[in-house]
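In case you want the letters, here they are:
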Amino acid sequence: MPARLKENTAPEAGATELLPPVQEGIFSLPAAGETGGPRLMGGYCRACERYHFPRERHCHRCLGPVEAADLGDSGVIYSFTAVRAKPPLGLPQPYAVGFVDLAANGLRVFALLDPDCVDHFKIGAPVILAVKPLGHDGKGRPCLRPYFTLQQHPAESEA
Amino acid sequence: MTDVYVIGAGIIPFARHEASSLTDLSVEAAYQAIKDSGIVPHRIDSGYFASVLGGRLFGDSTLGQSVFAEVGISGGPIVNIENACASGSSAVCLAYNALSAGQSDYAIVVGAEKMCVPGLGLLNSGESDIETKLGLVTPASFALRAQRHMYEFGTTLEQMAQVSVKNRRHAAANPIAFFRQPVTLEEVLNAPMITDPLTRPQCCPMADGAAALVLASGSAISNNKRAIKINAAVLTSGSYQNPIDLVRWETDQRSCRLAYEKAGMGPDDLDLVECHDAFTIAEIIHYEALGLCEVGEGGRLVAEGATSLGGRIPVNVSGGLIGRGHPVAATGVAQIVEVVAQLRGEAKERQVDGAKVGLAHCMGADRQGDARSCTVAILSS
Ligand SMILES: [Zn+2]
């Protein structure tokens with residue numbers, strides 16, 4: 001299913017673009033005509049030289065100003081699990097979550113993992129960020145959620 | 001600093017109490033604790049009431065004032081507390097601090113929850129939290145620790161399942177426990193998966209329940225032979241380090257160390273432990289934080305029987321959260337009710353022989369791979 005991976009990382013025009021993110025400012029999408037995929041967005045404090053996710057209002061260490069920071073789009077899985085009980089927020093059953101160690105800065109972030117790869121995750125596996133309509137926002141409105149998918153998709157490795 | 005004692009304890013069965021309100025459950029536990037203390041209610045000059053879901057599910061607020069008025073306690077400071085799963089034990093810490101500072105002679109603490117209502121679903125750490133929005137539910141936060149513990153230390157599915165087998169066996173001897181039937185290793189392993197690798201019997205059941213304590217300052221107890229001393233009662237919060245280590249749990253370890261330091265004791269002094277086994281892997285990680293074994297050895301500790309009743313250091317002889325059930329805010333108080341019963345030698349079939357020192361450990365909610373609240377109390381006869 002490599003085609004699906006592409007579709008995920010570069011959302012089609014139309015419905016997807018009209019949907020709000022589950023939370024403002026946690027990812028960026030490529031502008032129309034741009035190449036590349038979504039990026040995880042967080043914060044950075046220049047004084048402390050410290051990245052964080054999600055972006056802090058004030059730096060938690062020095063209370064200084066923080067700026068938006070691109071946290072990259074890749075990392076490796078630190079831990080993962082498949083949630084097989086009745087899912088919250090309209091998420092698929094089953095779905096997967098984990099902690100990902102970001103390649104760009106070593107931050108360990110909690111993340112949704114690709115619900116299409118629930119049985120294929122491993123600790124240490126390289127993952128890349130994707131964004132698509134996934135579940136709802138708690139009030140039943142569909143929204144975009146960032147999630148990490150395997151860099152080597154199981155369908156590709158089997159082929 | 002004045003010494004602080006528990007002089008009264010009360011608890012109602014942890015079960016589905018469909019016909020009773022949260023107030024009904026709370027008043028019954030408070031009544032029992034006051035009767036057990038042998039003092040008249042108007043001498044109790046402060047009150048602490050913990051409930052997590054009362055406001056959300058029933059629109060309750062300042063319920064503590066209503067509950068305490070029903071058992072003859074009013075006029076003094078009364079505080080309503082929410083600190084997730086550690087709400088009840090946080091209330092105990094606040095009462096302990098006030099008594100130890102000489103601000104109060106007698107305090108009552110009640111932890112109560114009514115949560116067996118349709119459609120509650122899996123608990124989370126708040127709907128506005130980013131991790132909740134990204135799909136974190138409480139069982140998943142512990143499944144992530146379990147996966148990592150298996151990966152780093154070779155902990156097995158069987159070892160984790162042994163925690164359920166042990167705590168359900170213990171619960172069978174506890175008349176107030178939610179589960180009175182033991183389970184076999186096969187039943188635990190073959191049960192439906194909630195979140196990999198935790199099957200249903202490895203997750204604590206929701207229950208309705210309430211537990212209460214009456215605390216007294218040392219100057220007020222005279223020669224009460226059933227008084228149990230609180231040697232330490234600490235409350236901490238997470239440090240939210242990044243990168244967080246899910247198996248060497250800094251907040252857990254720091255909280256246990258702090259309690260030992262304040263009590264002037266260590267793990268070798270303990271005769272029993274009640275710990276926050278919301279999920280099997282949690283109990284294993286808490287063994288390690290408490291220093292009952294080395295980090296990474298928790299799975300082997302339970303499998304060799306060291307933490308069973310009759311073992312080297314019995315853990316959760318009450319059945320723990322897995323066997324007794326987990327009415328969220330009642331749990332932290334219930335753990336201390338159990339330790340008190342054990343140290344008084346009144347725990348009947350589940351009595352730990354010659355128990356002199358016991359520890360109660362509780363944790364609440366998730367944030368960035370850490371706990372938001374943690375309490376550790378050490379008591380002695
Ligand atoms: Zn800073």
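This text follows the structure it describes.
Before going into details, it helps to say that this report is about the structure given with it. (Residues numbered from 1 in each chain as written. Chains lettered and ligands numbered in written order. Predicted model: local features only at pLDDT ≥ 70, side-chain atom pairs only at ≥ 80, totals over all residues. Heavy atoms only, no water.)

This part takes up the coordination of the zinc ion. Put simply, the ideal angle at a metal is 109.5 degrees for four donors in tetrahedral geometry and 90 or 180 degrees for six donors in octahedral geometry. Residues and elements named next belong to chain A. For the zinc ion, the full set of protein donor atoms is Cys 45 (SG), Cys 48 (SG), Cys 59 (SG) and Cys 62 (SG), and the range of their distances to it is 2.2 to 2.3 Å. What the four donor atoms of the zinc ion show is an angle range of 103 to 113° at the metal, which sorts the shape as tetrahedral. Here the donor residues for the zinc ion map to a single chain with the spacing C-x2-C-x10-C-x2-C. With a gap of 17 residues between them, Cys 45 in strand β2 (residues 39-45) and Cys 62 in the loop between β3 (50-52) and β4 (67-70) connect regions that are remote in the sequence. Cys 45 sits in the buried class, given a relative accessible area of 1%. Residue class for Cys 62 comes out partly exposed when judged on its relative accessible area of 38%. (Donors = N, O, S within 2.8 Å, 3.2 Å for Na, K, Ca; no water. Tetrahedral: all angles 85-135°; square planar, octahedral: opposite > 155°, others 65-115°. Helix = DSSP H or I, 4+ residues; strand = E, 2+ residues; numbered from the N terminus. Buried < 20%, exposed > 50% of the residue type's maximum accessible area, 1.4 Å probe, protein only.)

What follows is about the interface of chain B and chain A. The partner chain A presents 30 residues to the 29 residues of chain B that form the contact. Of the roughly 2500 Å² buried where chain B meets chain A, counting both sides, 63% is carbon and sulfur surface. Summed over the three residues of chain B that lose the most area to chain A, namely Lys133(B), Leu134(B) and Leu144(B), the buried surface amounts to 26% of that side. A salt bridge links Asp196(B) to Arg84(A), with the shortest nitrogen-to-oxygen separation between them at 2.7 Å. (Contact = heavy atoms within 4.5 Å. Buried area = accessible area lost by both parts, 1.4 Å probe. Salt bridge = Lys/Arg side-chain N within 4 Å of Asp/Glu carboxyl O.)

A few words on the pairing of strand β4 (residues 106-113) of chain B. Residues and elements named next belong to chain B. Across the eight residues of β4, eight count as buried, placing the element largely inside the fold. Burial along β4 is two-sided: the face carrying Tyr 106, Ile 108, Val 110 and Ala 112 and the face carrying Ala 107, Val 109, Gly 111 and Glu 113 are both buried. Pairing between strand β2 (residues 46-50) and β4: five bridges, direction parallel. Residue pairing for β4: Ala 50 is matched across the bridge by Gly 111. Both β4 and strand β7 (residues 209-217) contribute to a ladder of eight bridges, which runs antiparallel. By the bridge assignment, Glu 113 is partnered in β7 with Gly 209. (Pairing = 2+ DSSP bridges.)

Residues and elements named next belong to chain B. As summarised here, the arrangement of the nine strands in space is β3-β2-β4-β7-β1-β8-β11-β10-β9, forming an open sheet in which the pairing is mixed. Looking at which strands have only one partner, the edges of the open sheet turn out to be β3 (78-81) and β9 (272-274). Across the sheet, the mean angle from the axis of one strand to that of its neighbour is 25°, orientation sign disregarded. Bridge count for β2 against β3 is four bridges, and the pairing is parallel. Pairing of Phe 49 across the sheet is with Asn 80, part of β3. Here helix α4 (residues 87-100) sits on the sheet in contact with β1 (4-11), β2, β3, β4, β7, β8 (228-236), β10 (357-367) and β11 (370-380), set at roughly 115° to β8. (Axes fitted to C-alpha atoms, helices over the stretch in contact; angles between N-to-C directions.)

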